[in-house]
Amino acid sequence: VDTWIQLKQLSVACVLILIDRINRVFGGEYRSSVTMEQRLESVEVSEALDEASKKMVVAHSGDSLSTVFTLLQKNFSLVAPVYNSQEKKWIGLIDVVDILTTVLGSSEKSDAKVDDDDLTFTSYTAQDAVNRSKRNPFIPVKSSDSLLHAVKLLVDSKAHYLPVFNADKKLIAVLDSWQILAYVVENLPSPAKNRSVLEFGNFDDLITIKHNASTISGFHLLVEKNIPAAAIVDEQGLLVDSLSCTDSRSLNFTESTWVMLQEPVLKFLQHSAAAVKASVEDGSSRRELLETYMRSNCMYAEPNARWSDLAAAMVEDEVHRVYIAEKGNKPAGFVEILDMLEVLIR
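Residues numbered from 1 in each chain as written. Predicted model: local features only at pLDDT ≥ 70, side-chain atom pairs only at ≥ 80, totals over all residues. Heavy atoms only, no water.

## Regarding the sheet that holds strand S8 (residues 229–233)
Here we have 3 strands laid out as an open sheet, ordered S7-S8-S9, and mixed in their pairing. One side of each edge strand has no neighbouring strand; the edge strands of this open sheet are strand S7 (208–210) and strand S9 (239–244). Averaged over all pairs of adjacent strands, the angle between their axes in this sheet comes to 35 degrees, without regard to strand direction. Of the pairings in the sheet, the one linking S7 to S8 comprises 3 bridges and is parallel in character. Paired with Thr208 across the strands is Ala231, a residue of S8. In the packing of helix H12 (residues 215–225) onto the sheet, contacts are made with S7, S8 and S9, and the angle to S9 comes to roughly 65 degrees. (Pairing = 2+ DSSP bridges. Helix = DSSP H or I, 4+ residues; strand = E, 2+ residues; numbered from the N terminus. Axes fitted to C-alpha atoms, helices over the stretch in contact; angles between N-to-C directions. Contact = heavy atoms within 4.5 Å.)

## Observations concerning helix H10 (residues 177–187)
Taking burial as the measure, the 11 residues of H10 include 8 buried ones, the bulk of the element. Every buried residue belonging to H10 is among Ser177, Trp178, Gln179, Ile180, Leu181, Ala182, Tyr183 and Val184, and all of these are buried. The N-terminus of H10 is capped by Asp176, whose side-chain oxygen sits 2.8 Å from the backbone nitrogen of Trp178. (Buried < 20%, exposed > 50% of the residue type's maximum accessible area, 1.4 Å probe, protein only. Polar contact = N/O pair within 3.5 Å; in protein donor to acceptor, adjacent residues only side chain to side chain.)

## Thoughts on the side chain of Asn202
Within the secondary structure, Asn202 is located in the loop between helix H11 (197–200) and S7. A distance of 2.7 Å separates polar atoms of two side chains, one belonging to Asn202 and the other to Asp339. Discounting residues that sit within four places of it in the chain, Asn202 has contacts with Ala332, Gly333, Phe334, Val335 and Asp339.

## A word on empty space enclosed by the protein
On inspection of all chains with the given rule, the structure shows 1 cavity of 30 Å³ or more. Each pocket or cavity is described by its volume, and for the largest cavity that value is around 30 Å³. Every residue along the wall of the largest cavity is listed here: Val97, Thr101, Leu222, Val223, Asn226, Ile227 and Cys245. For the lining of the largest cavity, the secondary structure elements donating two or more residues are helix H6 (96–105) and H12. The residue inventory of the lining of the largest cavity, partitioned by class, reads 5 nonpolar, 2 polar and no charged. (1 Å grid on protein atoms, 1.4 Å probe; cavity = no way out; pocket = protein on both sides within 12 Å on 5 of 7 lines; lining within 4 Å. Points joined across faces, edges and corners; volume = space filled by probe spheres on them. Nonpolar A, V, L, I, M, F, W, Y, C, P; charged D, E, K, R; others polar.)

## Observations regarding the pairing of S8
Most of S8 sits inside the fold, with 5 of its 5 residues counted as buried. The parallel pair S7 and S8, bridged by H12, forms a crossover whose chirality is right-handed. Alignment of S8 against S9, held across 5 bridges, turns out to be antiparallel. In the strand pairing of S9, Ala230 is matched with Leu243. Joining the antiparallel neighbours S8 and S9 is a turn of 5 residues, in which Gly237 adopts a positive phi near 80 degrees. (Right-handed = clockwise from strand over helix to strand, strands pointing away.)

## Observations regarding the side chain of Ser244
Structurally, Ser244 can be placed in strand S9. A relative accessible area of 14% means that Ser244 is categorised as buried. Among the polar contacts made by the side chain of Ser244, one reaches the side chain of Thr246 at a distance of 2.7 Å. When sequence neighbours within four positions are dropped, the list of residues in contact with Ser244 reads Phe219, Leu222, Pro228 and Ala229.

## Structural notes on the environment of Lys89
Examined against the element boundaries, Lys89 turns out to sit in strand S3 (residues 89–95). Residues within four places of Lys89 in sequence aside, it is in contact with Val82, Tyr83 and Asn84. Among the polar contacts listed, one links the side chain of Lys89 to the side chain of Glu87, at a separation of 3.4 Å.

## What about the packing of aromatic side chains?
Evaluated as defined, the whole model comprises 3 aromatic pairs. A ring pair is formed by Tyr83 and Trp90, whose centres lie 4.9 Å apart and whose planes are at 65 degrees; its orientation type is edge-to-face. Each ring, one from Phe138 and one from Phe165, has its centre 6.5 Å from the other, and the planes form 80 degrees; the classification is edge-to-face. Pair noted here: Phe138 is in the loop between helix H8 (126–129) and strand S4 (141–142) and Phe165 is in strand S5 (residues 161–165), with a separation of 27 residues, a long-range link. By relative accessible area, which is 14% here, Phe165 ends up buried. The cationic tip of Arg321 hangs over the ring face of Phe334; the distance from NZ or CZ to the ring centre is 4.0 Å. (Phe/Tyr/Trp six-rings, centres within 6.5 Å; stacked < 30°, edge-to-face > 60°. Lys NZ or Arg CZ within 6 Å of the ring centre and 35° of its normal.)

## Points about unusual backbone geometry
Non-glycine residue Lys88 carries a positive phi angle of around 55 degrees. Assignment of secondary structure puts Lys88 in the loop between strand S2 (79–84) and S3. One non-glycine residue, Lys134, lies in positive phi territory at about 65 degrees. Among the secondary structure elements, Lys134 is positioned in the loop between H8 and S4. Judged by relative accessible area, Lys134 falls into the exposed class, the value being 65%.

## Focus on the confidence of the model for the chain
Interpreting fine coordinate detail is not advised for predicted regions of low pLDDT. In this model, the chain carries a mean pLDDT of 81, and residues with pLDDT of at least 70 account for 75%. Across residues 108–117, confidence stays below pLDDT 50; counting only partners more than four residues off in sequence or on other chains, it has 12 contacts. Taken as a whole, residues 280–296 scores under 50 in pLDDT and shows 22 contacts with residues more than four places along the chain or in a different chain. (pLDDT = per-residue confidence, 0-100.)

Structural data, given as structure tokens:
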């Protein structure tokens, strides 16, 4: 059965390539009737996996949150699958959003005492924090599954990662939504209908944080609203930066860094960027990791931008969110990776 499916997918792929070549020969006069869904159906999940996704880090259910946080931080990873050695099975996924939700969610006030937060960070385990944010359900896919199947799973479940298993039922990678968008941009034609951001952007759920608010209050707001990021605005309400849960990766929780979280959020973002740069600038072999780690905080697009414009920019700068800004850089909404993928199948 698997062989038949692979042959079918190969045949579809050959037809798509032939149609694209005919289209180019005739200077675009022949318009392909192949839909984006058909193209995604012809691609296996394994083809979208990059080298970074295959070098996944693994957390164990009994690891402290401090251990897991350090693991993600040192390996420049966004997520780690969690393995229970006693039960001999994978129990879920954990990322920095889950960790922050566990730590900050245990404190009722945004100005929680340092000692209390330190205790929470060391006493909770990876098992306690698995999918604590409700954004990382464990939804496995096979490496031979179609990319269309993966996109539908992510969009319908609002998940951000998919654990990938091979034919031997071995976990070989964790596929994230950005990798799929990157594959589409780099290997497939743009959707036939290049939709405007006004058609698929989020204009009702934008959360903003004043630039002089404390950093810890900003992270508390992200946890309280269960959102991955918020726009940082100045006194005039203009976009100046963005705070996301992943910005916490620059912290070193083995030291007294909760004091740093009392700083104004804009100052914290500037300090964290400088700290990351200083930590890797001596190692040329880690330059690529630095690029991946630092290209983050704030990108915006005008309301008349199109899907292809945003897709190219998000892939090139490796961002997961683009703000929609009106004249004068006043944020009006945002677009995330899942919004971009939903356009492909709706």
